[in-house]
Amino acid sequence: MASYQSMSKEELVQLKEKLNAEYEAFRAKGLKLDMSRGKPSVEQLNLSMGMMDVLSSSADLKCEAGVDCRNYGVLDGIQEAKQLLGDMIEVPADNIIIYGNSSLDVMYSTVARSMTHGVMGGTPWCKLDRVKFLCPAPGYDRHFAITEYFGIEMITVPMTPAGPDMDLVEKLVSQDEAIKGIWCVPKYSNPQGITYSDETVRRFARLQPAAKDFRIYWDNAYGIHHLYDDDQDYLLEILAECEKAGNPDLVYKFCSTSKVSFPGSGVAAIAASPANLESIRKQLAIQTIGFDKLNQLRHVRFYKNLDGMVEHMKKHAAILRPKFEAVLATLDRELSPCGIATWTKPKGGYFISFNSLDGCAKAIVAKCREAGVVMTPAGATYPYGIDPHDSNIRIAPSFPTPEELALASELFVLCVKLVSIDRILATK
């Protein structure tokens, strides 16, 4: 097949007629498929059902320290849960505070605390004229939603295959004390599946921000979410690198078991320097007497240790891997010869990042929706929902069944072709 750009106007019009007929056949099927978010499938949720059985009315509900997990106390989490999540994200248990079920909630609370009470005794952000955040993009829409909600000005930083454009990050952070943070998904990034290089991590650790209260918001959401046993990305550990660089307080590291166990009932945590944690505990002591220790205990007794968690994640991968490979195979077969798109081929995480011709993403997503397949809104992977090229689409293969995914993928590539032809015809 010739690339669409090399085809004549007449050839494109003929092809469009054929593709339109295929599209109308899809519309007639009355599909109702969802590829909009990275939700685990029912099969993945079923992997953790044994967790519901590890605690019962006859179980010993005391943690290793002898505390009754049914009662008040233990502000920052039971020690064995801190050890488990610390091992998961490669930090000492003493550098962890365990929260509730959502790392997004921890990140929101961290920004909110900075707004009202500042960072480690600094000026509350709400009293400053301007507060800015750097936002590597394409990136995670919910990160951007938090900063937008608080009225924080977002500055887009382009992503590269090695992570954010560090030349730009270093320049902006060193020159503008209004810049208080940067969002990062450093391993199998959302949506591109990129893992930051060693040099990128070291440059982050060596940052010299103009603002003393600048922090790196290091959302390690996919640290153990590999698709392959024998082909995995490696990420340098940021807290240790910051310590080596003489910047121990520079980073907040977030994690959860949301896509390890149950997304609505996981365990979330923040890891940081002792000074950062001391400041956070002061606020937490006012906010709560402690989070759900029974859920922490349930996770520890189910997984037992990091080895148990790693084996569990292999089961997730066995479900996810064929779905990713099926989508990628469809994209390769149907779109590679056309010259109208590019996409990532991640080794882990939950997303495939797809780039159409400029000016086509919104139309593609709308056309998919019209035929019954819901995608993430075009532009969602950029601050304020504005993709300057209108080209990036986040594909989430995890939730549909294999049969639904095959249909959704075929419809998606059909919509890409139709919208691309219209775009090319408009220039001929």
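Residues numbered from 1 in each chain as written. Predicted model: local features only at pLDDT ≥ 70, side-chain atom pairs only at ≥ 80, totals over all residues. Heavy atoms only, no water.

A.B. asks: When you look at the environment of Leu31 in this model, what are you seeing that I'm missing?
C.D. replies: Relative to the elements of secondary structure, Leu31 occurs in the loop between helix H1 (9-28) and strand E1 (33-35). Looking at Leu31, the relative accessible area reads 14%, which means it is buried. As for Leu31 and Val373, which are separated by 342 residues in sequence, their C-alpha atoms are 6.8 Å apart. With residues up to four places along the chain from it excluded, the contact list for Leu31 reads Phe26, Ala371, Gly372 and Leu407. (Helix = DSSP H or I, 4+ residues; strand = E, 2+ residues; numbered from the N terminus. Buried < 20%, exposed > 50% of the residue type's maximum accessible area, 1.4 Å probe, protein only. Contact = heavy atoms within 4.5 Å.)

A.B. asks: I'm lost on the pairing of strand E3 (residues 132-137) in this one. Help?
C.D. replies: Successive residues of a regular strand alternate their side chains across the two faces of the sheet. Buried residues dominate E3, accounting for 6 of its 6 residues. Of the two faces of E3, the one lined by Lys132, Leu134 and Pro136 and the one lined by Phe133, Cys135 and Ala137 are each fully buried. With 6 bridges connecting them, E3 and strand E4 (residues 153-160) associate as parallel partners. From the neighbouring strand, Cys135 faces E4, where its bridge partner is Thr156. Crossover E3 to E4 through helix H5 (residues 141-149) is right-handed. Sheet topology note: the E3/strand E6 (residues 179-184) ladder contains 3 bridges and is parallel. The partner of Lys132 across the bridge, within E6, is Ile179. (Pairing = 2+ DSSP bridges. Right-handed = clockwise from strand over helix to strand, strands pointing away.)

A.B. asks: Before we go on, may I ask you to explain the sheet that holds strand E8 (residues 251-256) in this structure?
C.D. replies: Each strand in a sheet pairs with another by means of backbone hydrogen bonds, the pair being arranged parallel or else antiparallel. A sheet is described by the order of its strands in space; here 8 strands give the open sequence E2-E9-E8-E7-E6-E3-E4-E5, paired in mixed fashion. What marks the edges here is a single partner per strand, and that holds for strand E2 (96-98) and strand E5 (163-164). Inspection of the sheet shows strand E7 (residues 215-219) paired to E8 by 4 bridges, in the parallel sense. Across the sheet, the residue bridging to Asp219 is Phe254, located in E8.

A.B. asks: In this structure, what is going on with the packing of helix H4 (residues 103-117) against H5? I would like to understand it.
C.D. replies: Each pair of packed helices gets described by two things: the angle between the helix axes and the distance between those axes. One can describe the packing of H4 onto H5 by two numbers: an axis separation of 10 Å at closest approach and a directional angle of 25 degrees. With respect to each other, H4 and H5 are oriented roughly parallel. For the pair H4 and H5, the sense of crossing is right-handed. Seen from H4, the contacting residues are Leu104, Met107, Tyr108 and Val111; seen from H5, they are Arg142, His143, Ile146 and Tyr149. Partitioned by chemical class, the residues of the contact of H4 with H5 number 6 nonpolar, 1 polar and 1 charged. (Axes fitted to C-alpha atoms, helices over the stretch in contact; angles between N-to-C directions. Parallel < 35°, antiparallel > 145°, perpendicular 65-115°, else oblique. Left-handed = near helix turned anticlockwise from the far one by under 90°. Nonpolar A, V, L, I, M, F, W, Y, C, P; charged D, E, K, R; others polar.)

A.B. asks: Help me out: how do you make sense of the nonpolar core in this one?
C.D. replies: Side chains that are nonpolar tend, in soluble globular proteins, to be buried together. Counting 55 residues, the largest nonpolar core has Tyr4, Leu331, Phe354, Ile364, Met375, Ile395 and Phe412 as the members making the most contacts within it. What Phe412 contacts, discounting residues up to four positions off in sequence, is Leu331, Phe354, Ile364, Cys368, Met375, Ile393 and Ile395. Formed by 53 residues, the second largest nonpolar core is a distinct cluster that contains Ile194, Val201, Val260 and Leu297. (Core = buried A, V, L, I, M, F, W, Y, C linked by side-chain atoms within 4.5 Å.)

A.B. asks: I'm lost on the pattern of salt bridges in this one. Help?
C.D. replies: Between side chains of opposite charge, a pair can form as their charged atoms come close. Enumeration according to the criterion identifies 25 salt bridges in this entry. Glu241 is the salt-bridge partner of Arg202, the closest N and O atoms lying 3.9 Å from each other. One end of the pair, Arg202, is in helix H7 (residues 198-205); the other, Glu241, is in helix H8 (residues 238-244), and 39 residues separate them in sequence. In this structure Arg202 comes out as partly exposed when scored by relative accessible area, which is 33%. Ionic pairing is found between Glu311 and Lys314, a salt bridge with its closest N-O pair at 3.1 Å. Taken together, the positions of Glu311 and Lys314, both in helix H11 (residues 306-335) and 3 residues apart, correspond to about one turn of that helix. With a relative accessible area of 44%, Glu311 lands in the partly exposed category. Owing to a relative accessible area of 35%, Lys314 belongs among the partly exposed residues under this scheme. Because the salt bridges share partners, they merge into one network encompassing Arg333, Glu334, Glu410 and Lys417. (Salt bridge = Lys/Arg side-chain N within 4 Å of Asp/Glu carboxyl O.)

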